[in-house]
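Chain residues, written in single-letter form:
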Amino acid sequence: MSKSAVSDSKCAEYMERYMEGVTKRNPGEPEFHQAVYEVASSIFPYIKDKPAYHKNQILERMAEPERVIYFRVPWTDDAGNVRTNRGFRVQFSSAIGPYKGGIRFHPSVNLSILKFLGYEQTFKNSLTGLPMGGAKGGANFNPKGKSDNEVMRFCQSFITELYRHIGEDTDVPAGDIGVGGREIGYMFGQYKRITNRFVGVLTGKGLEFGGSQMRTEATGYGAIFFLRNMLKQHSDTIEGKRILISGAGNVATHAAEKVLQLGGTPLTLSDSGGFIHCSDGLTQEQIDWVKELKGVRRGRISEAAEEFSNITFHEKGRPWGVEGDCAVPSATQNEINGEEAAALIKNGVKAVAEAANMPCEQAAVDAFTEAGVLFGPAKAVNAGGVGVSGLEMSQNSGRISWAPERLRELLENMMRDIHDSCVQYGKTDGGPTNYLAGANIAGFVKVADAMLSYGHV
Ligand code: NDP
Ligand code: 2IT
């Protein structure tokens, strides 16, 4: 490509050809195609007059994981039956630091989902400003209905294979859907036992064995800090806003809690069985009850409507038809489609902050953008989780623990800096900030420039 500016139509042509290649090389991986499309559609216009990125095939190399590990996970259930699951670790990019990203246990887990998550993680981790590469792992294991002992045996078997591929300076996994404090404890215990080393090989650990203050809260709190920053940038505030939240796990419950603390009204939560709605706004007592329900008793969100008379349960549904000012999807990928986005827009939604990874389908992203709704993309909004994981790594290597107040401040500052980087690269002429382009470009630049420095590796 010549140095002269490339026309928009040429740029669209390159993009189309690029996506054709990605789709052809990764057949049957729709989530991965979706994630690459979302990034590439911001990056092609940005690099159209920057030939070094093209000449060195930066976008092409970024769409290939550096390494994929795929393994058998045999375990025995309480009845003595031998069970077999599939385990994965997608080590996507180590351009700016050791591989870093969560582990997901869910029956839907496959290579497409983990490749989309590992790809996204690379840009997200770059946005945090910390030296972390991108990865994701997991298994198609369904923790629902399993006893603690079954989960323990599964985690031990999973790590008995994975341990040889990870390490505090190589690859540092953490939690994600279906993997919380309990699972991290079992995996860390088994890693330590096999290797005879007490190192920061996983994050999200218990506070007694090297975990960081604020890691549990970081993703949900960070997401609401980001939402507050987006509103503030556009002369608005979170106070008095009615917020629709999906999910009822780690991210959703902490998002709801931070909304309350900042003077907003959390109206909904959900799980895979349906959503709950409290038109008075959920209280801290109700949020704590949900935390206990989902995190300890491992029950269904429908039970909240039996416990509290001002809560209604809507079977199978998702909360996007409820009238609210902001939406914070916090459950899973592709949980807001084009029609649901249209319903939210019709009801006057002002801002959408993706706390889950890729919760909005492309049609929903397009609808929000066209309608001028403030749209915070996942890789920026939920980066507080991995950000505090990065701080856990620092504390572990220094064999030190920082006070909760320090971590609270570091998280808040990190979310402010991520927001400001998005604004730097996502400014528009008079319209609302394009946070999607801003996050993609800000995340891309650091990784791409590191890759240019290394030559063709
Ligand atoms: P949890 O396992 O704690 O909670 C997940 C919640 O989402 C549950 O309420 C679950 O319902 C619901 N859910 C999961 N899969 C589906 C599905 N296919 N359909 C409908 N509901 C579903 O996970 P987290 O809160 O940790 O993660 C939520 C999201 O946030 C994910 O997208 C994750 O990748 C992302 N994320 C998490 C981070 C973290 O630090 N934990 C960091 C950054 C992003 P049910 O109980 O019925 O399964
Ligand atoms: O999607 C994510 O950023 C996470 N699940 C957290 C990853 C981490 O390493 O803390």
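Up top is the structure these notes are about.
A few points on the structure. A quick note: this is a predicted structure, and the numbers were derived from the prediction, not measured.

Some details on the site of ligand 1
Among the 26 residues in the neighbourhood of ligand 1, the closest are listed as Asp176, Thr219, Ser272, Arg300 and Asn357. Contact between ligand 1 and Arg104: an oxygen atom at 3.0 Å from a side-chain N or O atom of the residue. In the environment of ligand 1, an oxygen atom lies 3.4 Å from a nitrogen or oxygen atom belonging to the backbone of Ala331. Protein contacts shield 83% of the accessible area of ligand 1, which totals 890 Å² for the unbound molecule. Of the residues belonging to the shell around ligand 1, the class tally is 6 nonpolar, 12 polar and 8 charged.

Structural notes on the sheet that holds strand 1 (residues 67–76)
In spatial order, the strands read 1-2-4-3-5; together these 5 strands make up an open sheet with mixed pairing. On the outer flanks of this sheet lie strand 1 and strand 5 (171–174), each paired with one strand and no other. Pairwise comparison of adjacent strand axes, ignoring direction, gives a mean angle of 20° for this sheet. Both strand 3 (residues 99–105) and strand 4 (residues 134–139) contribute to a ladder of 3 bridges, which runs parallel. Bridging across to strand 4, Arg104 finds its partner in Gly138.

Topic: the pairing of strand 5
The side chains of a regular strand alternate between the sheet's two faces. A two-sided burial pattern is seen for strand 5, the buried positions comprising Asp171 and Pro173 on one face and Val172 and Ala174 on the other. The sheet contact formed by strand 3 and strand 5 spans 4 bridges and is parallel. From the neighbouring strand, Lys100 faces strand 5, where its bridge partner is Val172.

Side note on helix 17 (residues 435–454)
Counting along an α-helix, one turn takes 3.6 residues, and residues three or four places apart therefore face a common direction. With 20 residues, helix 17 extends 29 Å between its outermost C-alpha atoms, agreeing within 8% with the 28 Å of an ideal straight helix rising 1.5 Å per residue. For helix 17, the principal kink sits at Val445 and spans about 25°. Within helix 17, 15 of the 20 residues are buried, leaving the element largely enclosed by the surrounding structure. In the segment just after helix 17, Gly455 is the residue with positive phi, at about 75°.

A closer look at the site of ligand 2
Residues in close proximity to ligand 2 total 14 residues, the closest being Lys100, Lys124, Lys136, Asp176 and Ser389. In this structure, Gly175 approaches ligand 2 through a main-chain N or O atom, which is 3.0 Å from a nitrogen atom. At 3.0 Å, a side-chain N or O of Asn357 approaches an oxygen atom of ligand 2. Taken by itself ligand 2 offers 300 Å² of open surface, and the protein chains cover 95% of this. Those elements giving two or more residues to the shell around ligand 2 turn out to be strand 3, helix 5 (111–127) and helix 15 (383–397). Among the residues forming the shell around ligand 2, the class breakdown is 2 nonpolar, 7 polar and 5 charged.

Remarks on the packing of aromatic side chains
One pass over the structure, following the stated rule, counts 21 aromatic pairs. Taken together, Phe71, Trp75, Phe105, Phe141, Phe154 and Phe158 form an aromatic cluster joined through their ring pairs. Lying over the aromatic face of Phe32, Lys115 brings its terminal NZ or CZ to 4.7 Å of the ring centre. Cation over ring: Lys146 sits above Phe141, and NZ or CZ is 5.4 Å from the ring centre.

What about the packing of helix 12 (residues 338–346) against helix 13 (residues 362–371)?
Relative placement of two packed helices is described by the angle separating their axes and the distance separating the axes. Closest axis-to-axis distance for the helix 12/helix 13 pair is 7 Å, and the angle between their directions is 25°. Classified by the angle their axes make, helix 12 and helix 13 are roughly parallel. The hand of the helix 12/helix 13 crossing is right-handed. Within the contact between the two elements, helix 12 uses Gly338, Ala341, Leu344 and Ile345 and helix 13 uses Ala363, Ala364, Ala367, Phe368 and Ala371. Classifying every residue of the contact of helix 12 with helix 13 by side-chain character gives 8 nonpolar, 1 polar and no charged.

Here's the deal with the pattern of salt bridges
Overall, the coordinates contain 30 salt bridges when judged by the stated rule. One salt bridge in this structure joins Glu64 and Arg25, with 3.6 Å as the shortest N-O distance. Note that Glu64 is positioned in the loop between helix 4 (58–62) and strand 1 and Arg25 in helix 1 (residues 8–25), a separation of 39 residues in sequence. A residue is classified by how much of its surface remains accessible, and Glu64, at 37% relative accessible area, is partly exposed. For Arg25, a relative accessible area of 46% gives the class partly exposed. Between Lys136 and Asp176 there is a salt bridge, with the nearest N and O atoms lying 3.0 Å from each other. A residue pair is termed long-range when its members are at least 10 positions apart, and Lys136 in strand 4 and Asp176 in the loop between strand 5 and helix 7 (181–195) qualify at 40 residues.

Quick word on the pairing of strand 4
Burial runs high along strand 4: 6 of the 6 residues are buried. Burial along strand 4 is two-sided: the face carrying Gly134, Lys136 and Gly138 and the face carrying Ala135, Gly137 and Ala139 are both buried. Across 6 bridges, strand 2 (residues 82–93) lies against strand 4 in antiparallel orientation. Bridge assignment links Gly87 to a residue of strand 4, and that residue is Ala139. What joins strand 3 to strand 4 is helix 5, and the crossover it makes is right-handed.

The rules we used
- Residues numbered from 1 in each chain as written.
- Chains lettered and ligands numbered in written order.
- Predicted model: local features only at pLDDT ≥ 70, side-chain atom pairs only at ≥ 80, totals over all residues.
- Heavy atoms only, no water.
- Near = heavy atom within 4 Å.
- Polar contact = N/O pair within 3.5 Å; in protein donor to acceptor, adjacent residues only side chain to side chain.
- Areas by Shrake-Rupley, 256 points an atom, 1.4 Å probe, with all protein chains shown as cover.
- Nonpolar A, V, L, I, M, F, W, Y, C, P; charged D, E, K, R; others polar.
- Pairing = 2+ DSSP bridges.
- Helix = DSSP H or I, 4+ residues; strand = E, 2+ residues; numbered from the N terminus.
- Axes fitted to C-alpha atoms, helices over the stretch in contact; angles between N-to-C directions.
- Buried < 20%, exposed > 50% of the residue type's maximum accessible area, 1.4 Å probe, protein only.
- Expected span 1.5 Å × (residues − 1).
- Bend = angle between axes of the 7 residues up to and from the residue.
- Phe/Tyr/Trp six-rings, centres within 6.5 Å; stacked < 30°, edge-to-face > 60°.
- Lys NZ or Arg CZ within 6 Å of the ring centre and 35° of its normal.
- Parallel < 35°, antiparallel > 145°, perpendicular 65-115°, else oblique.
- Left-handed = near helix turned anticlockwise from the far one by under 90°.
- Contact = heavy atoms within 4.5 Å.
- Salt bridge = Lys/Arg side-chain N within 4 Å of Asp/Glu carboxyl O.
- Right-handed = clockwise from strand over helix to strand, strands pointing away.

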